[in-house]
Amino acid sequence: MEMLYRSTRGNREIASASLAMLNGLAPDGGLYVPDHLPRLEKSFVELSQMTYHDIAYEVMRQFLTDFSQKELRACIRAAYDEKFDTPQIAPITVADGRYFLELWHGKTMAFKDMALSILPYLMANAAHKLNEEREIVILTATSGDTGKAALAGFADVPGTKIIVFYPKHGVSPVQEKQMVTQEGDNVLVVGIKGNFDDAQNGVKVLFTDEGMRARMNEKMLRFSSANSINIGRLVPQIAYYVASYAAMLREEEIGSGSEINICVPTGNFGNILAAYYARWMGLPVHKLICASNSNKVLFDFFRQGVYDKEREFITTQSPSMDILISSNLERLIYHTAGDDAEKCAALMKRLSREGHYEISREMEKELSCFAAGYATEEECAAAIRELYDTTGYLIDTHTAVGAAVHRKYVKETGDDRATLIASTASPYKFPRAVWNALQGRALSDRSDATEDEALAERLSKKSGMPLPEPFLQLKQARVRHNTVCEKEGMRAEVERFLGL
Ligand SMILES: *Cc1c(COP(=O)(O)O)cnc(C)c1O
């Protein structure tokens, strides 16, 4: 059955997967959502005998129905190759009875690689299918990890340019160094004096600006997005949840048909939404546990049915989750409202005008497959230390939010089902905070990239977990980008770079 995409805000315009991917955001400012719920066509017994590539194909073909088998398989093959340091692509490590799904074996050491390794290939195919002659300009806001993963994916890809805005003082030294050392003739990296929400908002404004679009057209340019507002980001992420369950079955960690829980450290709600879509497709999931750091806007939402962004923005040691406006929640709102775009649009209008909205009791009932929790900085530090002391396994500060929240969830509910915890970054991406946690000190203390490199080496010696290749390369890398602008200056930077 052909899969089509609609806007969460009621645009009657219907898009194919290719068009939805190239547009990124729907013309009315809504997010593209699939118009029906596909089911996995293979049984888990069959899936458990398949490779990551084959499982990814089984999942993605249901969403990208305008891709031929040959095209989609070629994209998957090109994306999930030696760029990943293990042929399993997304391996699971069992520690303390929990299943850590390691999504950081790609080039930039965070889970964003899982989707951004394949997105450039999907987009190139989509552009070809739609006879797109304009150059594609990937406009991206990042909380730290998307930026580098998108840069790595799109650098020097013919027919594309990529622009990344990151919060100058809101990313880790390793994250910043990864971005500002990016090579490639088609890339622009800019730090903004503001937080991630400011960057994301600025990008959304540029995206929906008619005048800008017209001038871009004249220059044969068009915007697209590498953020998780792009459906092309979400679809590849569904695959690893399905593949994990299949692997747990294969390893006889769970019995056929048994339900698991999935706990996801969450920021923009993309990764956990992919798990929600996987559940739709037939993945036996009891609870999707949404784990927040001290910016616990999602925790409050799931507890009270009220989304309220009017609160203090807290800078934590899990910076990729320091977000108060979780874009992808809009997709969940749309689905829980019974795919009602009008209802969804009204709530989003409220959010932008008044800073908050409340959902109905009925909608709340639809959210019963979610549980939510949050972890303070101290709880995250304790989670890192305890896990290391008891098992020798090292996790990063984001994964620690998941581990800490899962612990609290088990305590509160007694639900001790097998639980997959999304491990979203390598511990070596945040060496200072991880090191401090192991010493029993507070997570905080900023350091610079050189200090971080030395600390990562000490961590690696101590734990015996090898330093990833991309980390070693980073040491030699030269800074190429040092532009910083006010949040109001984003437009001017884009215009300058594109010659508008
Ligand atoms: C992006 C990111 C997250 C948050 O993922 P969302 O899809 O935005 O919820 C968590 N951890 C790390 C390391 C990330 O890079």
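Scroll up to find the structure this text is about.
Residues numbered from 1 in each chain as written. Predicted model: local features only at pLDDT ≥ 70, side-chain atom pairs only at ≥ 80, totals over all residues. Heavy atoms only, no water.

(A) Main features of the overall build of the chain. Scanning the chain from terminus to terminus reveals 22 helices and 15 strands. For the C-alpha atoms alone, the extent of the chain along its principal axes is close to 60 × 50 × 50 Å. For the chain, the proportion of its 500 residues judged to be buried stands at 61%. Here the contacts in the chain between residues at least 6 apart in sequence split such that 76% fall between residues at least 24 apart. Summed over all atoms, the accessible surface of the chain reaches about 19,100 Å², with 46% contributed by carbon and sulfur. Taking the average place of the 58 positive charges on the side chains of the chain and the average place of its 67 negative ones, the gap between the two points comes to 1 Å. (Helix = DSSP H or I, 4+ residues; strand = E, 2+ residues; numbered from the N terminus. Buried < 20%, exposed > 50% of the residue type's maximum accessible area, 1.4 Å probe, protein only. Contact = heavy atoms within 4.5 Å. Areas by Shrake-Rupley, 256 points an atom, 1.4 Å probe, with all protein chains shown as cover. Lys, Arg positive; Asp, Glu negative; His and termini not counted. Charge placed at Lys NZ, Arg CZ, Asp CG, Glu CD.)

(B) Structural view of the packing of helix H9 (residues 196–207) against helix H22 (residues 490–498). Axis separation between H9 and H22 bottoms out at 10 Å; the angle between their running directions is 55°. Taken together, the axes of H9 and H22 are oblique relative to one another. For the element pair H9 and H22, the recorded crossing hand is right-handed. Counted together, Asp198, Ala199, Gly202, Val203, Val205 and Leu206 of H9 and Met490, Arg491 and Val494 of H22 form the full contact between these two elements. Here the residues of the contact of H9 with H22 are counted per class, giving six nonpolar, one polar and two charged. (Axes fitted to C-alpha atoms, helices over the stretch in contact; angles between N-to-C directions. Parallel < 35°, antiparallel > 145°, perpendicular 65-115°, else oblique. Left-handed = near helix turned anticlockwise from the far one by under 90°. Nonpolar A, V, L, I, M, F, W, Y, C, P; charged D, E, K, R; others polar.)

(C) Here's a closer look at the sheet that holds strand E10 (residues 285–292). Read from one edge of the open sheet, six strands run E3-E4-E14-E9-E10-E13, paired in mixed fashion. In this open sheet, the two edge strands, each paired with only one partner strand, are strand E3 (92–95) and strand E13 (370–374). For this sheet the average axis-to-axis angle between neighbouring strands, irrespective of direction, equals 25°. Here E3 pairs with strand E4 (residues 98–102) via four bridges, running antiparallel. (Pairing = 2+ DSSP bridges.)

(D) Local environment of the environment of glutamine 304. Counting through the fold element by element, glutamine 304 comes out in helix H13 (residues 297–304). With a relative accessible area of 48%, glutamine 304 lands in the partly exposed category. Along the chain, glutamine 304 and isoleucine 359 lie 55 residues apart, while their C-alpha atoms are 9.2 Å from each other.

(E) Seen up close, the site of the ligand. Of all residues adjacent to the ligand, which total 15 residues, the nearest are Lys112, Asp145, Gly267, Asn268 and Asn271. Taking asparagine 268, its main chain carries an N or O atom lying 2.7 Å from an oxygen atom of the ligand. Threonine 424 places a polar side-chain atom, nitrogen or oxygen, 2.8 Å from a nitrogen atom of the ligand. Considered on its own, the ligand offers 380 Å² of accessible surface; in the complex 98% of this is hidden by protein. Partitioned by chemical class, the residues of the shell around the ligand number five nonpolar, eight polar and two charged. (Near = heavy atom within 4 Å. Polar contact = N/O pair within 3.5 Å; in protein donor to acceptor, adjacent residues only side chain to side chain.)

(F) Structural detail: the environment of alanine 375. By secondary structure assignment, the location of alanine 375 is in the loop between E13 and helix H17 (377–391). For alanine 375, a relative accessible area of 0% puts it in the buried group. Between the C-alpha atoms of alanine 375 and valine 401, which are 26 residues apart in sequence, the distance is 5.8 Å. Ignoring sequence-local partners within four residues, the contact set of alanine 375 consists of Ser292, Asn293, Ser294, Cys380, Val401, Ala404, Val405 and Lys408.

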